[in-house]
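# Observations on the model geometry
Residue-level listing of the chains:
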Amino acid sequence: MVSAVLQTSFLGDMILTTPLIERLAREGEVHVVATPANAAVLANHPAVASVIVYDKRNADAGVAGLRRVAARLRATGATTAYMAQGSWRTAALARMAGVPSVGFDTSAGRWLYSRQVAYRKDWHHAQRLWALASDPRDPTGPLRPSLFPSAADTSQVSALLHEAGAISGEPLIALAPGSVWATKRWPSYDALASGLVAQLPDARVVVLGAAGDAPLASAISAAVQQRGGPPIIDATGKLSLLGSAALLSRCVVLVTNDSAPLHLASAMNTPTIALFGPTVPGMGFGPLADRRVVLGRDQLTCRPCSAHGGQACPLGHWKCMRDVEPSVVAEQVVRAAVSTQ
Ligand code: SF4
């Protein structure tokens, strides 16, 4: 059997699609249609036969691009396309390639699908995706996402830690303060890091993120320095996606917003403390590491207020994030760090 998986959403969605890909790979080749950014995260994955890059906003924009990618999809010989992303555009892509498609009954492109599967709001998204290829009466599958950093990714991390003077055996506490959605960014990472100086004097803080998150890393660095703590390791903008995954595999815990690093940590089974504000884990995107804690203001009736989290709080007070206390998060960090020693 040859299958295709079409996933052109956000990075987190791509990571959560890997259990489905592994499920299909048990029965044959799996070819994945992915955006250029998401293609990078599938490098070295043993369940992926090939990645067809679909640069839908640039090189492959428009009908000509759609036709080009459809021809590549048809050439794989796939007999079923699993629609992990539900737009009309990806549905049209499968239709143009002549590959019968299976997707959710809530997707925008569902009218073009050959078969529709119930979208279970009450399931984790990894489970929903996994169920596209499974008997709905037996939906339980292995939900842990999987990523495979290369030797080069691991070397990149070793070089970064060496340059930062990290000592072997020193507990690394990862913080991922960024998010493209402003309301998802917990504003107290600097206060958390500052408080940890006294509570975990032997630990080093590592800040993960994109180059645009460097100012957040600088604020954390300043807070730690003010308390006389060891210099933080600023990894923002310095690692590939799989390099970030490799770094997370060396950390005792990650503190993150509801954003891509949460899913990288799930794949590497790094203990995770996830801070949810305008979104809630019940939407299907919570952490999947064995050791995980979700913190948020459960009693706020305005939560969740949007599917992704907006750029400004519609009520103006932003209590869902502002009221998450650094001391409460620090307590969980200490617990995680101590339990791994
Ligand atoms: S409306 Fe509520 S959930 Fe949404 S951003 Fe504001 S405080 Fe957070």
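Reading across the sheet, the 6 strands line up as β9-β8-β7-β10-β11-β12 and stay open at both edges, with parallel pairing between neighbours. Edge positions in the open sheet fall to β9 (233-234) and β12 (292-295), since each of these has one partner strand only. In the sheet, strand β8 (residues 204-207) pairs with β9 via 2 bridges, with the strands oriented parallel. Bridge pairing in β9 links Val-206 to Ile-233.

Moving on, we get to the packing of helix α4 (residues 62-75) against helix α5 (residues 88-97). Following both chains from N to C, one finds α4 and α5 inclined at 55 degrees, their axes separated by 8 Å at the closest point. The orientation of α4 relative to α5 falls into the category oblique. The handedness of the crossing between α4 and α5 is right-handed. On α5, the residues touching Leu-66, Arg-67, Val-69, Ala-70, Leu-73 and Arg-74 of α4 are Arg-89, Ala-92, Leu-93, Ala-94, Met-96 and Ala-97.

Right, let's get into the nonpolar core. One recurring pattern in soluble globular proteins is that nonpolar side chains are buried together. Ranked by size, the top nonpolar core spans 48 residues in total, and within it Val-5, Ile-21, Val-32 and Leu-247 carry the most contacts. Composition of this core by domain shows at least three residues from each of domain 1 (2-133) and domain 2 (151-339). With sequence-adjacent residues up to four places away left out, Val-5 is seen in contact with Thr-17, Leu-20, Ile-21, Leu-24, Val-30, His-31, Val-32, Val-33, Tyr-82 and Ala-84. Counting residues in each nonpolar core, the second largest holds 32 residues, with Leu-175, Leu-300, Trp-318 and Val-324 among its members.

Once that is clear, we can look at the environment of Leu-300. Following the sequence through the fold, Leu-300 ends up in the loop between β12 and α12 (319-322). Taking C-alpha positions, Leu-300 is 8.1 Å from Lys-319, a pair spaced 19 residues apart along the chain. Contact partners of Leu-300, with chain neighbours within four places excluded, come to Lys-319 and Cys-320.

Our next topic: the sheet that holds strand β6 (residues 115-117). Strand pairs in the sheet, formed through backbone hydrogen bonds, run parallel or antiparallel to each other. With parallel pairing, 6 strands are arranged side by side in an open sheet as β3-β2-β1-β4-β5-β6. Sheet topology places β3 (50-53) and β6 at the edges, where each strand pairs with a single neighbour. Neighbour-to-neighbour, the strand axes of this sheet turn through a mean angle of 25 degrees, independent of strand direction.

About the cut-offs
- Residues numbered from 1 in each chain as written.
- Predicted model: local features only at pLDDT ≥ 70, side-chain atom pairs only at ≥ 80, totals over all residues.
- Heavy atoms only, no water.
- Pairing = 2+ DSSP bridges.
- Helix = DSSP H or I, 4+ residues; strand = E, 2+ residues; numbered from the N terminus.
- Axes fitted to C-alpha atoms, helices over the stretch in contact; angles between N-to-C directions.
- Parallel < 35°, antiparallel > 145°, perpendicular 65-115°, else oblique.
- Left-handed = near helix turned anticlockwise from the far one by under 90°.
- Contact = heavy atoms within 4.5 Å.
- Core = buried A, V, L, I, M, F, W, Y, C linked by side-chain atoms within 4.5 Å.
- Buried < 20%, exposed > 50% of the residue type's maximum accessible area, 1.4 Å probe, protein only.
- Domains from an automatic or database assignment.

All quantities given are derived from atomic positions and should not be read as evidence of function.
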